[in-house]
Amino acid sequence: MGHIQITPSILNADFADLGAEVARIAGADWVHVDVMDNHFVPNLTFGPTMVEALSKATDLPLDAHLMIADPDRWAPGYAEAGAGSVTFHVEAAAAPVRLAREIRAQGARASMALKPATPIEPYADLLPELDMVLVMTVEPGFGGQKFLDLCLPKIRRTRELIARHGGDVWLQVDGGVSLETIERCAQAGADVFVAGSAVYSADDPDAMVAALRAKAEA
Ligand code: DX5
Ligand code: ZN
């Protein structure tokens, strides 16, 4: 397994002051940017111009999570806009292999996300094309939802498939990750942890990043 990485989501940060908000998580490994289009999920956030602006506002690499329809058309543009990692939802992708290759060709890490009801097994053969798999632990669309324990067996099965494949594929979890739930995810085999409300509702977001890291490494 790779080393533990903490990727705070700015979804629950102050959108009117994002430059200052990312400065409050200097000890994080990535900034997780939730892109929503009001079609794939019933919520709307921002697009590639915001990713471009953020990439100039922080030295941290950007982890773009695209909760959008037609990622085949739009995802490579997020790599071009400066995201170091681009995650598309496999439920929305028409040609995930071609898409992953296009993201890599733009110089970014290619990542595939699964909603809670989407199994990993049909996509096991895609692992060599991917740098990361995101197992959602809530239904995508909103921050602050309750962690779904029913996703833990899929985290375990995904870790097993990655081990069998033998490549260096990261395993990310996103949704309801907190001091209460992060150990369960780490024990199941996750190594990259998104946390939104847990980090940005804390008085000291950077101290929360460190506390989450300590729990995951324990
Ligand atoms: C949810 C987003 C998450 C969200 C996580 O659809 O993909 O990244 O920001 O927020 P919390 O950690 O509050 O569940
Ligand atoms: Zn996300």
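Bear in mind that the values here come from a model prediction, so they are computed numbers and not experimental data.

Asks: Mind laying out the UniProt feature "binding site: a divalent metal cation" (unreviewed entry) in the protein, listing which residues take part and the relevant values?
Replies: According to UniProt, the feature "binding site: a divalent metal cation" (unreviewed entry) maps to His32, Asp34, His65 and Asp174 in the numbering used here. Spanning 143 residues, the named residues form one tight spatial group whose C-alpha atoms are at most 10.6 Å apart. Looking at the element boundaries, His32 is found in strand β2 (residues 31–36). When residues no more than four places from it in sequence are discounted, the contact partners of His32 are Thr7, Pro8, Ser9, Asp63, His65 and Val194. Tracing the backbone through its elements, the reader meets Asp34 in strand β2. C-beta crowding within 10 Å serves as the criterion here: with 25 such atoms nearby, Asp34 is assigned to the buried category. What Asp34 contacts, discounting residues up to four positions off in sequence, is Ser9, Leu11, Thr45, His65 and Met67.

Asks: For the site of ligand 1, give the residues involved together with the corresponding values.
Replies: By nearness alone, 22 residues border ligand 1, and Ser9, Leu11, Gly143, Gly196 and Ser197 come closest of all. Elements with a contribution of two residues or more to the shell around ligand 1: β2, β8 (192–195) and α7 (197–200).

Asks: So, the pairing of β2: which residues are in play, and what are the values?
Replies: In terms of burial, β2 is largely enclosed, as 6 of its 6 residues are buried. Pairing of β2 with strand β3 (residues 62–67), which is carried by 6 bridges, proceeds in the parallel orientation. From the neighbouring strand, Met36 faces β3, where its bridge partner is Met67. For the crossover from β2 across helix α2 (residues 48–57) to β3, the handedness is right-handed.

Reading the values: rules and limits
Residues numbered from 1 in each chain as written. Chains lettered and ligands numbered in written order. Predicted model: local features only at pLDDT ≥ 70, side-chain atom pairs only at ≥ 80, totals over all residues. UniProt positions renumbered as here; feature names shortened; annotations may be inferred. Helix = DSSP H or I, 4+ residues; strand = E, 2+ residues; numbered from the N terminus. Contact = placed C-beta atoms within 7 Å. Buried ≥ 20, exposed ≤ 12 C-beta atoms within 10 Å, placed from the backbone. Near = placed C-beta within 6 Å. Pairing = 2+ DSSP bridges. Right-handed = clockwise from strand over helix to strand, strands pointing away.

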